[in-house]
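# Coordinate inspection notes
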Amino acid sequence: MTRTFGWKAERRERVTVISLRGAMTLEALAPVREELLHCLTSEAPDLVFDLTALDFIASDGLGALLAACRRTRELGGRARLAAPTPLVRQVFTLLRLDRVMPICNSVEDALHSLRSN
Amino acid sequence: MNVPAEFGVRESDLTELVIPNELRAARQAEERILRELSRHRYSRECTFAIKLALEEALTNAIKHGNCNDSAKRLIVRFHVSPDRVVLMVRDEGCGFRPCDVPDPTAEENLERPCGRGLMLMHAYMSDVRFNEIGNEVWMLKLNRNEPASRTPR
């Protein structure tokens, strides 16, 4: 529940997949907020957040994900969330953020959704 | 503001921490409270809810209440027992009116960068109350899996 926050980004063709892990608190987020945006490029404008290993997110983390989603749209891409735990998924659905960033059950489902739309 | 009578604890039941207006100090206070939850074997779901509400209250106090001013302080009071958790966070700011915070789930607000903390606190806690000026929040979480060890007064 209190694993240290970390993230990594990888390119999957036109998609940037950002994997988040641990607890996304304001303190953990502060040093990496800008880096998250900088890894988005016009070569891979679509974005998938892999939330498989994300234990916790609060409103500042949500704000960072929304900022990345906006950046993605500016680049002509679309954003998806993949594989959140039930507790994390509930935060997104409660706030209706799944309307902004649709939730998929896995990274592969998210990639398929981006390919097929 | 004293602890609301309906929260079912006495003033003397509360532990008080006075901490600097810094994220690291807030995390240390949060970890202390989470250790108490773990000691009382709160469920994963309940712990998530309390951590989320506490994180939102502390973040609001540091950023918006005390305006990131490191010369200011926060006061955190808490009580953890098997059947309930009571939390209080007070900043040294001039407060706010909760009714002025727009609904973050309204279509036009969905992508706003902030404004979700208050709703999350209400959604995940059993009761949330602010003092008159809005610089002090009290939150109650009842542990539904535990029989009440104390009748709320």
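Look up a bit, the structure's there.
What counts as what
- Residues numbered from 1 in each chain as written.
- Chains lettered and ligands numbered in written order.
- Predicted model: local features only at pLDDT ≥ 70, side-chain atom pairs only at ≥ 80, totals over all residues.
- Heavy atoms only, no water.
- Pairing = 2+ DSSP bridges.
- Helix = DSSP H or I, 4+ residues; strand = E, 2+ residues; numbered from the N terminus.
- Contact = heavy atoms within 4.5 Å.
- Axes fitted to C-alpha atoms, helices over the stretch in contact; angles between N-to-C directions.
- Buried < 20%, exposed > 50% of the residue type's maximum accessible area, 1.4 Å probe, protein only.
- Polar contact = N/O pair within 3.5 Å; in protein donor to acceptor, adjacent residues only side chain to side chain.

### Points about the sheet that holds strand β2 (residues 15-24) of chain A
Taken together, five strands build an open sheet; the order of strands is β1-β2-β3-β4-β5 (chain A) and the sheet is mixed. In the strand order of this sheet, the two ends are held by β1 (6-12) and β5 (103-104) of chain A, each with one partner. Two elements, β2 of chain A and strand β3 (residues 46-57) of chain A, share nine bridges in a ladder whose sense is parallel. Looking at the pairing, Val17 of chain A lines up with Val48 of chain A of β3 of chain A. In this fold helix α5 (residues 107-116) of chain A packs onto β1, β2, β3, β4 (79-82) and β5 of chain A, with an angle of close to 155° to the strand it touches most, β3 of chain A. Across the face of the sheet, helix α2 (residues 44-65) of chain B comes into contact with β2 and β3 of chain A while running at roughly 105° to β3 of chain A.

### Examining the environment of Gly93 of chain B
All names here are of chain B. By the secondary structure assignment, Gly93 is in the loop between β3 (84-90) and α3 (117-124). Take Gly93: its relative accessible area is 13%, and that puts it in the buried class. Taking the C-alpha atoms as reference points, Gly93 and Ile62, separated by 31 residues in sequence, lie 9.3 Å from one another. Look past the residues within four positions of Gly93 in its chain and what remains in contact with it is Gly65, Asn66, Ile133 and Asn135.

### What to know about the side chain of Asn109 of chain B
Residue and element names in this part refer to chain B. Mapped onto the elements, Asn109 comes out in the loop between β3 and α3. Judged by relative accessible area, Asn109 falls into the buried class, the value being 10%. Polar contacts involving the side chain of Asn109 include one to the main-chain carbonyl oxygen of Asp103, which spans 2.8 Å. With residues up to four places along the chain from it excluded, the contact list for Asn109 reads Pro102, Asp103, Pro104 and Arg116.

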